[in-house]
Amino acid sequence: MASNMDREMILADFQACTGIENIDEAITLLEQNNWDLVAAINGVIPQENGILQSEYGGETIPGPAFNPASHPASAPTSSSSSAFRPVMPSRQIVERQPRMLDFRVEYRDRNVDVVLEDTCTVGEIKQILENELQIPVSKMLLKGWKTGDVEDSTVLKSLHLPKNNSLYVLTPDLPPPSSSSHAGALQESLNQNFMLIITHREVQREYNLNFSGSSTIQEVKRNVYDLTSIPVRHQLWEGWPTSATDDSMCLAESGLSYPCHRLTVGRRSSPAQTREQSEEQITDVHMVSDSDGDDFEDATEFGVDDGEVFGMASSALRKSPMTEFSSRYGDCHPVFFIGSLEAAFQEAFYVKARDRKLLAIYLHHDESVLTNVFCSQMLCAESIVSYLSQNFITWAWDLTKDSNRARFLTMCNRHFGSVVAQTIRTQKTDQFPLFLIIMGKRSSNEVLNVIQGNTTVDELMMRLMAAMEIFTAQQQEDIKDEDEREARENVKREQDEAYRLSLEADRAKREAHEREMAEQFRLEQIRKEQEEEREAIRLSLEQALPPEPKEENAEPVSKLRIRTPSGEFLERRFLASNKLQIVFDFVASKGFPWDEYKLLSTFPRRDVTQLDPNKSLLEVKLFPQETLFLEAKE
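Residues numbered from 1 in each chain as written. Predicted model: local features only at pLDDT ≥ 70, side-chain atom pairs only at ≥ 80, totals over all residues. Heavy atoms only, no water.

I would appreciate a short explanation of the overall build of the protein chain in the present structure.
Across its full length, the protein chain carries 17 helices and 21 strands. Relative to its 634 residues, the protein chain shows a buried fraction of 39%. Intrachain contacts of the protein chain at a sequence separation of at least 6 include 64% that bridge at least 24 residues. Per element, the accessible surface of the protein chain, about 35300 Å² overall, is 49% carbon and sulfur. (Helix = DSSP H or I, 4+ residues; strand = E, 2+ residues; numbered from the N terminus. Buried < 20%, exposed > 50% of the residue type's maximum accessible area, 1.4 Å probe, protein only. Contact = heavy atoms within 4.5 Å. Areas by Shrake-Rupley, 256 points an atom, 1.4 Å probe, with all protein chains shown as cover.)

What follows is the structure, given as structure tokens:
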């Protein structure tokens with residue numbers, strides 16, 4: 001029966017040989033075999049031929065004769081499934097326990113952890129990944145190996161891998177899945193605010209409007225209608241991205257520039273206006289009806305024939321209105337604005353305050369006895385023509401026909417109110433022609449004066465000048481307000497631009513910092529991986545070294561003393577028959593790989609690393625003892 005001291009040694013040897021870490025389990029197995037170490041090992045690790053055998057005659061080696069502590073293991077020379085293999089009758093070798101390797105495999109947005117022994121192959125990793133990722137092995141490329149691409153049959157042990165490894169899977173033959181990155185970017189855009197800088201083309205005014213990314217294009221157009229009074233159906237836009245094809249599309253999807261985007265809006269000519277303007281170009285009629293889309297739609301029921309000017313059929317005459325007016329009243333006459341009443345409003349009122357003018361509306365009636373006198377003596381007076389040209393936009397309308405009269409009253413009621421419309425309605429034929437002086441205000445158009453045809457040149461000039469004084473006073477206030485507003489908008493625009501530049505600068509700094517951190521992390525990972533790889537190679541070489549022979553040995557022994565660059569010495573005994581490569585492996589296992597350091601002898605001085613590594617120490621004259629020193633390669 002073994003003593004307590006012997007049992008502790010047997011227990012330690014049994015755990016070292018079998019890898020069983022649980023002490024209670026190891027003691028139970030030893031007690032079942034009456035503390036016979038060899039029998040207990042054979043019970044745990046069955047051998048091909050039963051128990052440990054001698055090389056001669058197959059005799060059973062008794063338990064006390066086997067002491068792993070007293071017999072150092074040498075590197076295995078065969079891939080036999082037997083865990084023990086006798087080299088000499090009195091020496092048994094225990095195979096090194098396999099190392100466990102950890103692999104983190106990345107595939108698109110998934111990470112799979114795989115743990116395998118280093119005796120497994122690359123193909124076994126792929127089989128595990130096939131079950132986890134549902135990807136056929138034939139469609140899978142496993143990348144990330146330090147040594148480049150490897151075959152499926154490659155044993156992991158031969159790659160000298162560190163314990164922790166990172167790999168990734170490529171599937172070039174499989175279509176990529178639908179990515180959620182676009183949905184994430186869209187959700188982020190929906191939560192952002194877009195600044196739309198909208199220019200009203202006719203009045204040359206800018207509006208800075210903020211909308212959330214979830215707002216629709218239709219909502220933007222409705223807001224613009226509230227500011228410009230241009231109905232959505234009459235809005236003509238410039239600046240929308242080509243992808244903005246539907247008014248129900250939200251701003252985040254429309255492709256607008258973030259954080260601000262410039263647009264321009266104006267009034268679209270309606271089909272009726274286009275037709276009317278086309279007729280004007282044919283007949284050259286300058287006394288036209290209002291061709292605003294809404295006005296025309298309301299007035300079509302009257303069946304107006306705009307082809308008659310001053311009671312003459314233009315379809316027969318086909319003359320220019322200026323030619324016709326000149327033939328009646330001479331070449332000196334006001335320049336009448338050619339276009340609709342709405343267009344005359346735009347020209348006179350909806351411009352910058354410094355460029356605004358009064359609007360003079362001349363209402364003609366061919367059946368009035370005052371018409372010829374008013375036109376020839378007052379309207380065509382040189383002073384009146386000059387004053388009107390400098391300070392007014394003059395627009396004319398023929399009320400001779402009842403249909404035209406009714407149509408103008410409709411427009412007048414809409415633009416100037418019922419009081420002005422009623423005033424014109426009550427005018428008798430002999431009181432025509434009329435001259436209306438209109439001044440544009442912020443919210444409405446104000447009729448400053450209604451001048452009847454029974455007046456004189458001086459009185460007409462005085463009333464025009466009085467209206468001009470009122471307009472000038474109002475214009476100065478408007479200019480001041482407009483300058484202050486533009487100053488505020490410029491400050492706000494500069495602040496917005498500064499804020500945008502600040503955001504861009506912050507984003508650039510943040511991205512640069514993130515790139516720097518990512519690069520530092522990458523370099524640190526590379527450094528750690530290189531260190532782990534070097535350590536794995538060092539351990540592999542250290543474990544593969546043959547045991548150090550004793551000083552008294554039947555074979556010749558060479559004692560080498562190696563000086564490191566730091567001044568320390570490495571000493572070890574080698575068999576004289578050992579190859580020079582074993583010395584290189586020993587030096588590399590101490591952290592001095594032979595591809596980075598050279599091994600030099602002193603007398604004679606020579607570079608040992610340049611010698612044939614397959615020659616023995618005896619052949620290269622490193623026997624019986626030699627002092628070498630290590631030197632880093634350039």
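What is the right way to read the confidence of the model for the protein chain from this model?
Atomic detail in the predicted coordinates should be set aside for any region of low pLDDT. For the protein chain, mean pLDDT is 78; residues scoring 70 or higher make up 80% of the total. A low-confidence stretch, residues 47-95 (pLDDT under 50), is modelled with 74 contacts involving residues beyond four sequence positions or located in other chains. In the predicted structure, residues 278-322 sits below a pLDDT of 50 and forms 112 contacts with residues beyond four places in sequence or in another chain. (pLDDT = per-residue confidence, 0-100.)

Hey, could you run me through the side chain of Thr216 in this one?
Take Thr216: it is sitting in the loop between β8 (205-212) and α6 (217-228). Beyond its immediate stretch of four places on either side in the chain, Thr216 contacts Asp247, Ser248, Met249, Cys250 and Leu251.

Sorry, what's going on with the environment of Glu477 here?
Turning to its location among the elements, Glu477 is positioned in helix α16 (residues 457-544). By relative accessible area, which is 47% here, Glu477 ends up partly exposed. As a C-alpha pair, Glu477 and Ala353 span 124 residues in sequence and 9.1 Å in three-dimensional space.

Looking at this structure, I do not really get the pairing of strand β14 (residues 392-398). What am I missing?
For a regular strand, side-chain orientation follows a simple rule: the groups alternate between the two sheet faces. Counting buried residues along β14, 7 of its 7 residues qualify, which places the element largely inside the surrounding structure. As paired strands, strand β13 (residues 358-364) and β14 are joined by 7 bridges and run parallel to one another. Residue pairing in the sheet places Tyr362 in a bridge with Ala396 of β14. (Pairing = 2+ DSSP bridges.)

Explain the nonpolar core here, please?
Core analysis: the biggest nonpolar cluster contains 26 residues, and Phe435, Ile437 and Leu464 have the highest contact counts within it. Taken together, the elements giving at least two residues each to this core come down to β13, α12 (371-379), α13 (382-391), β14, β15 (434-440) and α16. When residues of this core are assigned to their parent elements, the largest contribution, 6 residues, is made by α16. Once you skip the residues sitting within four places of it in the chain, Phe435 turns out to touch Ala360, Ile361, Tyr362, Leu379, Leu388, Asn449, Val450, Ile451, Leu460 and Leu464. One finds Leu341, Ala344, Leu363 and Cys412 within the second-largest nonpolar core, a separate group that totals 25 residues. (Core = buried A, V, L, I, M, F, W, Y, C linked by side-chain atoms within 4.5 Å.)

Hey, could you run me through the sheet that holds β8 in this one?
As a general point, the strands of a sheet are linked pairwise by backbone hydrogen bonds and lie either parallel or antiparallel. Strand order in the open sheet made by the 4 strands is β8-β7-β10-β9, with mixed pairing throughout. Both outer strands of the open sheet, β8 and β9 (235-238), are each paired with one neighbouring strand and no more. Pairwise comparison of adjacent strand axes, ignoring direction, gives a mean angle of 30 degrees for this sheet. Relative to strand β10 (residues 260-267), strand β7 (residues 193-200) is paired through 6 bridges, and the arrangement is parallel. For Thr199, the partnering residue across the bridge sits in β10 and is Thr264. Along the sheet face, α16 touches β7, β8 and β10 and points at about 45 degrees away from the line of β8. (Axes fitted to C-alpha atoms, helices over the stretch in contact; angles between N-to-C directions.)

Even after reading the chapter, I still don't get the sheet that holds β14, so can you show me in this structure?
Overall, mixed pairing links the 4 strands, which are arranged β14-β13-β15-β16 in an open sheet. Two strands lie at the open edges of the sheet, namely β14 and β16 (445-452), each paired on one side alone. Going from strand to strand, the sheet's axes swing by 20 degrees on average, the running direction of each strand aside. Sheet strands in contact with α16 are β13, β14, β15 and β16, and its direction is about 10 degrees off that of β15.

Looking at this model, I keep getting lost on the environment of Glu532. Mind explaining?
Among the secondary structure elements, Glu532 is positioned in helix α16. Here Glu532 falls in the partly exposed class, since its relative accessible area comes to 32%. Separated by 370 residues in the primary sequence, Glu532 and Pro162 have C-alpha atoms spaced 5.3 Å apart. Residues within four places of Glu532 in sequence aside, it is in contact with Pro162 and Asn164.

Before we go on, may I ask you to explain the environment of Leu560 in this structure?
Summarising the element assignment, Leu560 is placed in strand β17 (residues 557-563). The class for Leu560 is buried, based on a relative accessible area of 0%. Put simply, Leu560 and Glu626 are 66 residues apart on the chain and 5.1 Å apart in space, counted from C-alpha to C-alpha. Those residues in contact with Leu560 that sit more than four places away from it in its chain are Leu570, Glu571, Arg572, Phe574, Val583, Leu622 and Glu626.

Even after reading the chapter, I still don't get the packing of α13 against α16, so can you show me in this structure?
Axis angle and axis distance: for two packed helices, these are the angle between their axes and the distance between the axes, and together they describe the pair. At a minimum axis distance of 10 Å, the contact between α13 and α16 shows a crossing angle of 15 degrees. Overall, the two elements α13 and α16 adopt an arrangement that is roughly parallel. Every pair of crossing elements has a handedness; the one defined by α13 and α16 is left-handed. For the pair α13 and α16, the contacting residues are Ser383, Ile384, Tyr387, Leu388 and Asn391 in the first and Val457, Leu460, Met461, Leu464, Met465 and Met468 in the second. Across the contact of α13 with α16, the residue classes tally to 9 nonpolar, 2 polar and no charged. (Parallel < 35°, antiparallel > 145°, perpendicular 65-115°, else oblique. Left-handed = near helix turned anticlockwise from the far one by under 90°. Nonpolar A, V, L, I, M, F, W, Y, C, P; charged D, E, K, R; others polar.)

I would appreciate a short explanation of the packing of helix α14 (residues 402-416) against helix α15 (residues 418-425) in the present structure.
Running from N to C, α14 and α15 cross one another at 155 degrees; their axes reach a closest spacing of 7 Å. Here α14 lies roughly antiparallel to α15, going by the angle between them. Seen from α14, the contacting residues are Arg405, Phe408, Leu409, Cys412, Asn413 and Phe416; seen from α15, they are Ser418, Val420, Ala421, Ile424 and Arg425.

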